[in-house]
Amino acid sequence: MEQEENHPGDYLPCNELEETPVKERCFEQREALPGEPCCAICGRYGEYICDQTDDDICSVECKTVLLSRLSADTKPAVKAAKRVNLPVCDESVCIRDKIFPKIPTMHDGQIASLRSKLDICVNGEDVPDPIMCFSSSGLPEKLVLNLESAGYVMPTPVQMQVIPASICNRSLLVSADTGSGKTASFLVPIIAHCSQLRSQKCTDKRGPLAIILAPTRELCLQVEEQAKVLGKGLPFKTALVVGGDPLAQQIYRIENGIELIVGTPGRLIDLLMKHNVDLSNVNVFVLDEVDCLLERGFRDQAMQIFQALSHPQVMMFSATVNSEVEKLSNSLAKNVIHISCGNPNKPCKSVKQVVIWVESKQKKQKIFEIMTSKQHFKPPAVVFVNSRVGADLLSEAITVATGLEVVSIHGDKTMSERRESMRRFLTGEVSVVVCTGVLGRGMDLLKVRQVILFDMPNSIDEYVHQVGRASRMGVEGMAIVFVNEEDRNLFRELVQVLKTAGAPIPRELANSKYTTGIPLGNGRKRKLKSRGHT
Ligand SMILES: Nc1ncnc2c1ncn2[C@@H]1O[C@H](COP(=O)(O)OP(=O)(O)OP(=O)(O)O)[C@@H](O)[C@H]1O
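Residues numbered from 1 in each chain as written. Predicted model: local features only at pLDDT ≥ 70, side-chain atom pairs only at ≥ 80, totals over all residues. Heavy atoms only, no water.

A. Representation of the overall build of the chain in the model. Across its full length, the chain carries 19 helices and 16 strands. For the chain, the residues scored as buried account for 53% of the 534 residues in total. Taking the contacts inside the chain whose residues are at least 6 apart along the sequence as the reference set, 71% of them involve residues at least 24 apart. Total accessible area on the chain is roughly 24,700 Å²; 52% of this is exposed by carbon and sulfur atoms. (Helix = DSSP H or I, 4+ residues; strand = E, 2+ residues; numbered from the N terminus. Buried < 20%, exposed > 50% of the residue type's maximum accessible area, 1.4 Å probe, protein only. Contact = heavy atoms within 4.5 Å. Areas by Shrake-Rupley, 256 points an atom, 1.4 Å probe, with all protein chains shown as cover.)

Dropping the structure here:
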C-alpha cells in the first residue's frame, strides 16, 4: 500500500511552534473540519484545551466566556473523589485488578463451545474467558452508556475475546475479518484503563498513557474520532499526530494533557525528535494494521517508537496476519495471546467477489459501462487504482464520460484536500471516490456497498483489505475486480481465494498457464488433464 508518511512534504520547519501565535479572538479561528475538535463555545476549530476544564476551545476569547459561564453556575460543589494510595510498584496493574471485577465464570466446556460457535480461536497461556456483554465486564458506567449511544448493544466476537484479555494486561496478536469491530476491541479497554487511572490518580501533568499507530492519516483520523465518541464525558483526551497538519498544534495539544496519542509512525517520530514528550507512563501500545506497520518502510519507525517505551502491553491487529508477523509479534512482548476470529487472511464472506477479465486498454470503457448501468452501479462506490496520477486521471475521465461527480484521494493531495474530499464522499455530496491504497485499509465507509478494483493491488493481503471496504459487520456488499495478464503474479493466490469463496473464476484466469498446479484443499497438487483440456 501507499506509504505516504515518508513523503518530504509531510515535514514542517522546526521553528513552526514559535511562529504560530495563540488566537486571541474567536473570529480569527477557522471552521472545524470533519474529525477535528470543536470549540465548546462557538463550534469553531478547538485548537486549544482550556486548562481549567479540559474543554476544547478555539481562542482566548472563548476560554474567557467558558470560564465566566462556569463561575456563574450555581450548582453545589461536587465532593472531591477519595484519593486511593497506590503501592509504588506497577500502578496500572494494581488499578486494573481493583477496578475490573471477575467476570462470572463459565465452565471449560461452555467456553469452548461458545468460542467454536463464534469462530474464535485462541492460542496462549491462561487466556481469559470471553465476555458476553459490555455491562457485566466491569467497564466504567459512562463508557457502557457511550457504547449504547453508539449503537453497540452487544460485543462482536472479536470484542468478546479481546476486551477481557486486554483488561488482564495481556499482549495480543489479533487477526479478524475486515469490518468485524477490531477498532472498538482495543479502544474500549484503552479508554477504561486511561479514565480509571486518571480519576484515581490526581497528577498535575497528563502525559500520554497509550499510543495507537496506524499506517495512514485517514485511518488515524477515524480511530481518534471513534475514541472521542466512546470516551466522551470521561477523563480521556486524545491527540492526533499525522503529517499534513501543523506540528505545532499537535505539540500544543499534547502539552496541555492527553491520555491517548493516535498517529502515523513518520509524523510521531518527527514530533518526538523535535519535542520532548514524556513517554514514561505509556503502558499500552497498539499497532493497528500490524502487518503493514511491520513491513519494510514502516517497520524501523514503528520499532523506534516501541523502543522508546518501557515494556508496554502490546496489542496488534489486522485482517491479514502472516507467519513473519507472528514471529515478530513474539519478539515485541512476552507471553503473547494469539486470537483469530472469523475468516482471517481471506475476503470477508459477506462480500460477493465478481472478477472480470478486462484488457488494460478496455478498463476505462468497462468502468464507464458499469457506472452508467442502473443494474450494476450501486453508489456510493470506492474505486481503487495503483497510482496517484492514475487516480486523478480516472476520476476526471469518469466525470466526463458519465456526468457523475467524483473525488480522488491519494498521497500527493494536501491534508485539507483529503479531508474535504472525504467529507464530500461521506456526506453523500459525491457518490464515487477514486483512490490509491490510502483508503484500502481500516476505513469504515459505512454506506459503501460496492468497491471496484480497477487495478489489482500488489498483494493478496491488500486485495483482502480493499475488498473488505464493501461490507461492515456482515452487511452484504460487492467487489468488482478487473484482472488481466499483467496481474499474473497474483493469479495462483487469487484463484485460491475465489475457489474458497465459491466465486466464479473467469475462463482466461482459470486457463492461464500461471494458474496451473494450484494445490487443492487437502494439500495435493491438482491433477493435470491431457493437453488441451486444462
Ligand atoms: N459491538 C458493536 N455493535 C455494533 N456495531 C459495531 C460494534 N463494534 C463495531 N461496530 C461497528 O462496526 C463497523 C466496523 O468496525 P471496525 O471499523 O472496527 O472494523 P475492523 O474490524 O477494524 O475492520 P477493518 O479490518 O476493515 O479495519 C463500524 O462501523 C463500527 O462502528
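B. Representation of the site of the ligand in the model. For the ligand, the set of nearby residues contains 21 residues, the closest of which are Tyr152, Gly179, Lys182, Asp444 and Arg472. Note that an oxygen atom of the ligand is positioned 2.7 Å from one of the backbone N or O atoms of glycine 179. Contacts to the ligand include glycine 181, whose backbone N or O atom sits 3.1 Å from an oxygen atom. Coverage of the ligand by the protein chains reaches 90% of its 640 Å² of free accessible surface. (Near = heavy atom within 4 Å. Polar contact = N/O pair within 3.5 Å; in protein donor to acceptor, adjacent residues only side chain to side chain.)

C. Highlighting unusual backbone geometry. Look at the link from proline 379 to proline 380: it is a cis peptide, with omega at -5°. Along the chain, the position of proline 380 falls in the loop between α14 (363-371) and β12 (381-384). At asparagine 169, a residue that is not glycine, the phi angle is positive and equals roughly 70°. Position of asparagine 169 among the secondary structure elements: in the loop between α6 (157-167) and β4 (172-176). Judged by relative accessible area, asparagine 169 falls into the partly exposed class, the value being 26%. Positive phi, close to 60°, is recorded for asparagine 335, a residue that is not glycine. Mapped onto the elements, asparagine 335 comes out in the loop between α13 (323-332) and β10 (337-341). Take asparagine 335: its relative accessible area is 40%, and that puts it in the partly exposed class.

D. The arrangement of empty space enclosed by the protein in detail. Evaluated as defined, the whole model comprises one cavity of 30 Å³ or more. In this structure, the largest cavity spans a volume of roughly 200 Å³. Among the elements of the structure, α8 (217-231), β6 (238-241) and α9 (247-255) are those that each provide at least two residues to the lining of the largest cavity. Ranked by residue count, the leading element in the lining of the largest cavity is α9, at three residues. (1 Å grid on protein atoms, 1.4 Å probe; cavity = no way out; pocket = protein on both sides within 12 Å on 5 of 7 lines; lining within 4 Å. Points joined across faces, edges and corners; volume = space filled by probe spheres on them.)

E. Examining the layout of surface pockets more closely. Estimated volume of the largest pocket: approximately 1,200 Å³. Going through the elements one at a time, α7 (182-200), α8 and α16 (415-426) are the ones with two or more residues in the lining of the largest pocket. Of all the elements, α8 adds the most residues to the lining of the largest pocket, at eight residues. Residues belonging to the lining of the largest pocket are distributed by class as follows: 21 nonpolar, 16 polar and 13 charged. Counting only domains with at least three residues in the lining of the largest pocket, you end up with domain 2 (108-341) and domain 3 (351-511). (Nonpolar A, V, L, I, M, F, W, Y, C, P; charged D, E, K, R; others polar. Domains from an automatic or database assignment.)

F. Structural view of a negative patch on the surface. A surface patch of negative charge is lined by Glu359, Glu485, Glu486 and Glu508. Looking at the element boundaries, glutamate 359 is found in the loop between β11 (351-357) and α14. (Patch = residues over 30% accessible without salt bridge, like charges linked within 9 Å, V, L, I, M, F, W, Y side chains within 5 Å. Salt bridge = Lys/Arg side-chain N within 4 Å of Asp/Glu carboxyl O. Lys, Arg positive; Asp, Glu negative; His and termini not counted. Charge placed at Lys NZ, Arg CZ, Asp CG, Glu CD.)

G. Representation of the pattern of salt bridges. Within the structure shown, the criterion is met by 20 salt bridges. Aspartate 412 is paired through a salt bridge with arginine 388; the nearest N and O atoms lie 2.7 Å apart. Of this pair, aspartate 412 sits in the loop between β13 (406-409) and α16 while arginine 388 sits in helix α15 (residues 388-402); the two residues are 24 residues apart in sequence, bridging distant segments of the chain. Each member of the salt-bridge network shares a partner with another, and the members are Glu405, Glu420, Arg423, Arg424 and Glu429.

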